[in-house]
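Summary of structural features
Each chain, letter by letter, is given below.
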Amino acid sequence: MAGHREHVKGSGLWRRSGGLLAVAVALAAVSACGVGDAAHMAASPSVAVSTQASRHAVTATVTPRPTATATPSPSASASAMKHAAGTALAVLQALPVKGRAPKTSYSRAQFGQRWADTDRNGCGTRDDILNRDLARVTHKAGTHDCVVTSGVLRDPYTATTISFRKGNGTSEAVQIDHVVALSDAWQKGAQNTSAADRLRLANDPLNLFAVDGHANQAKSDSDAATWLPANKAFRCQYVARQVAVKRQYRLWVTQSEHDAIASTLAGCKNQMVPAAVAPTVTWTSRPASTTATAKSAAKPKARKAAPKKTATRKSEQQHTSKVQPRNDSGDLSHVHGGSFCSDTGAQGVSSKGTVLTCKTAKDGRLRWKK
């Protein structure tokens, strides 16, 4: 019996010894792998080895290594933000986004007298804008080169050229559009502003374009979510102007309007907020000509001294409406001192024969000055 117990005891000791030996062999194998392939282990997940006494099993636990995350350079980020700060897209992001307020109590009278002479230059706003946006302008006698009787418009909304002639049934061919419609402005903050601010909004050259009459009627009081100019080449300028007006007069945008403007500006991310000057009219194909009346459809007389820029545009795919004001005989056109103009450095002549130059006035706008 004693011998048998010793045999059993010895067998148990042997099994325990054997188990410990197995663990030692496993540890030695793992160590050998670590020594033999250190470079590989440095790039792989770490391995921890543990033993369980009941089964003497070896368990490998895999711990993933943390992944490095790239952090943009502070100077690069600051530079990008600074570059984008003056763009229309950046200004759009700063505008409040809200729902429309009720249109209740809106009327055109809420924005003061139509085409008031707010800049006190002796000329109503409509004629100020016609003088600014039209080329080859003629004036009514005795109005100090204020009241426009005819001219040529390169329409930014339709990419057409319109011969304008003042009169019953013809004046409507060229209309003055509020880029931010007054009804839209009323529903998005203007009803909370003063009457003086609303008068300025209705007559601010920043918010006004001379445009094709039919296009203006089709737009009505739509915002960018429901209407954009047919001339796609002009859409960036158009929505940028709306953004500028809404910032200037503390108006908000709806979510759908915000998204429509952002979508348009995505194709022209460097589009800057414009000033209150004439639009730079561009189109991707040569414009078709339209006329206000059959009489005005006659082929205009050839100019004797066409500006150099106009001559070179024939070979270009895109065109710009910056025209030196000259009459049909090639002489400088009559302009009204103090009224708006569109091309810095352009020259005209006053009713007294004084040569005037288009330059920036004290209010920051382009006007005819000595």
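Report follows, based on the coordinates. Residue indices follow the written sequence of each chain, beginning from 1 at its first position. Thresholds applied to this predicted model are a pLDDT of at least 70 for local features of residues and 80 or more for the giving and counting of side-chain atom pairs; totals over whole chains, interfaces and linings are not thresholded and use all residues. Only hydrogens and water are set aside; all other atoms, that is, all heavy atoms of the structure, feed into the side-chain values.

**Brief notes about the overall build of the protein chain**
Under the convention used in this document: Every helix listed is a DSSP run of H or I at least four residues long, and every strand listed is a run of E at least two residues long, numbered separately from the N terminus. Only protein chains enter the accessibility calculation, which uses a 1.4 Å probe. A residue is then buried if its area is under 20% of the maximum for its type, exposed if over 50%, and partly exposed in between. The criterion used for residue contact is that any of the two residues' heavy atoms lie within 4.5 Å. Shrake-Rupley sampling with a 1.4 Å probe provides the accessible areas, and residues are treated as covered by the protein chains on show and by no other component.
Within the protein chain one finds 11 helices and 11 strands. Counting over 370 residues, the protein chain shows a buried share of 41%. Relative to all contacts within the protein chain whose residues are 6 or more apart in sequence, the contacts with residues 24 or more apart total 64%. Entry remark: accessible area of the protein chain is about 20600 Å², with carbon and sulfur atoms responsible for 56%.

**Focus on unusual backbone geometry**
Backbone geometry places Trp115, a non-glycine residue, at a positive phi of 50°. Along the polypeptide, Trp115 turns up in the loop between α4 (88–94) and α5 (125–133). Residue class for Trp115 comes out partly exposed when judged on its relative accessible area of 24%. Positive phi, normally seen in glycine, also occurs at Arg136, with a value near 50°. As for its position among the elements, Arg136 is in strand β3 (residues 135–139).

**Here we look at the pairing of strand β10 (residues 355–360)**
In plain terms, the rule: Following DSSP output, two strands are said to pair if at least two bridges run between them.
As paired strands, strand β9 (residues 347–349) and β10 are joined by three bridges and run antiparallel to one another. Within β10, the residue paired with Gly348 across the bridge is Leu356. Pairing geometry for β10 and strand β11 (residues 366–369), over four bridges, is antiparallel. Its bridge partner lying in β11, Thr360 is registered against Leu366.

**Considerations on the state of the cysteines**
Just so we agree on the cut-off: Cysteine sulfur atoms that come within 2.5 Å of each other are treated as a disulfide pair.
Evaluation of the coordinates by the stated rule reveals two disulfides. Disulfide pairing places Cys123 opposite Cys146 at an S-S distance of 2.1 Å. Judged by the sign of its S-S torsion, about 95°, the bond between Cys123 and Cys146 is right-handed. Of this pair, Cys123 sits in the loop between α4 and α5 while Cys146 is found in the loop between β3 and β4 (148–154), placing the two residues 23 residues apart along the sequence. Residue Cys123 is classed as buried on the basis of its relative accessible area, which comes to 1%. Accessibility expressed as a relative area gives 4% for Cys146, which makes it buried.

**A short note on the layout of surface pockets**
Remark: the empty space left among the atoms is shown by a probe the size of a water molecule rolled over them. Rules: As defined here, a cavity is a set of points on a 1 Å grid over the protein atoms alone where a 1.4 Å probe fits but cannot get out. A pocket is an open set with protein on both sides within 12 Å along at least five of seven lines, and residues line them when an atom is within 4 Å of a point. Grid points are joined across faces, edges and corners, and a volume is the space filled by probe spheres set on the points.
Considered as a void within the structure, the second largest pocket measures approximately 410 Å³ in volume. As for the second largest pocket, its lining consists of 16 residues, of which Ile176, Asp177, His178, Asn216 and Ser220 are closest to the centre. Among the elements of the structure, β6 (174–178), α6 (182–187) and α8 (213–219) are those that each provide at least two residues to the lining of the second largest pocket. The biggest single contributor to the lining of the second largest pocket is β6, with four residues.

**Quick look at the packing of helix α9 (residues 235–248) against helix α10 (residues 255–265)**
Under the convention used in this document: Every axis corresponds to a line fitted to the C-alpha atoms, with the helix fit spanning only the stretch in contact, and the corresponding angles, defined between N-to-C directions, vary from 0 to 180 degrees. For classification purposes, angles smaller than 35 degrees are called roughly parallel, those larger than 145 roughly antiparallel, those between 65 and 115 roughly perpendicular, and all remaining angles oblique. Should the near helix be turned anticlockwise from the far one by less than a right angle, the crossing is left-handed, and should it be turned clockwise, the crossing is right-handed. Ten residue types, Ala, Val, Leu, Ile, Met, Phe, Trp, Tyr, Cys and Pro, are classed as nonpolar, four, Asp, Glu, Lys and Arg, as charged, and the remainder, Gly among them, as polar.
Between α9 and α10, the shortest axis-to-axis distance is 9 Å and the interhelical angle comes to 135°. Relative to α10, α9 is oriented oblique. For the element pair α9 and α10, the recorded crossing hand is left-handed. Within the contact between the two elements, α9 uses Arg235, Cys236, Val239, Gln242, Val243 and Lys246 and α10 uses Glu257, Ile261, Thr264 and Leu265. Residues that form the contact of α9 with α10 fall into these classes: five nonpolar, two polar and three charged.

**Some words on the packing of aromatic side chains**
The line we're drawing: Pairing of aromatic rings covers Phe, Tyr and the six-membered ring of Trp, with a centre-to-centre limit of 6.5 Å; geometry is then stacked below 30 degrees between planes, edge-to-face above 60, and tilted otherwise.
Under the definition given, this model contains nine aromatic pairs. Note on Tyr157 and Phe234: the rings are 6.3 Å apart at their centroids and 50° apart in plane angle, and the pair reads as tilted. Placement of the pair is Tyr157 in the loop between β4 and β5 (160–165) and Phe234 in the loop between α8 and α9, with a sequence separation of 77 residues. By way of ring pairs, the aromatic residues Tyr157, Phe209, Trp227, Phe234 and Tyr238 are connected into one cluster.

**Some thoughts on the environment of Asp117**
Let me state the cut-off plainly: Side-chain atoms alone can form a polar contact between residues adjacent in sequence; in general such a contact is a pair of N or O atoms within 3.5 Å, and within protein one must be able to donate a hydrogen while the other accepts it.
Relative to the assigned elements, Asp117 resides in the loop between α4 and α5. Residues Asp117 and Asp127, 10 residues apart in the sequence, show an inter-C-alpha distance of 9.8 Å. Excluding its chain neighbours within four sequence positions, the residues that come into contact with Asp117 are Gly122 and Cys123. One polar contact links the side chain of Asp117 to the main-chain amide nitrogen of Gly122, over a distance of 2.9 Å.

**As for the pairing of β3**
Across the five residues of β3, four count as buried, placing the element largely inside the fold. One ladder, built from three bridges, connects β3 with β4; its direction is antiparallel. Pairing of Ala135 across the sheet is with Val152, part of β4.

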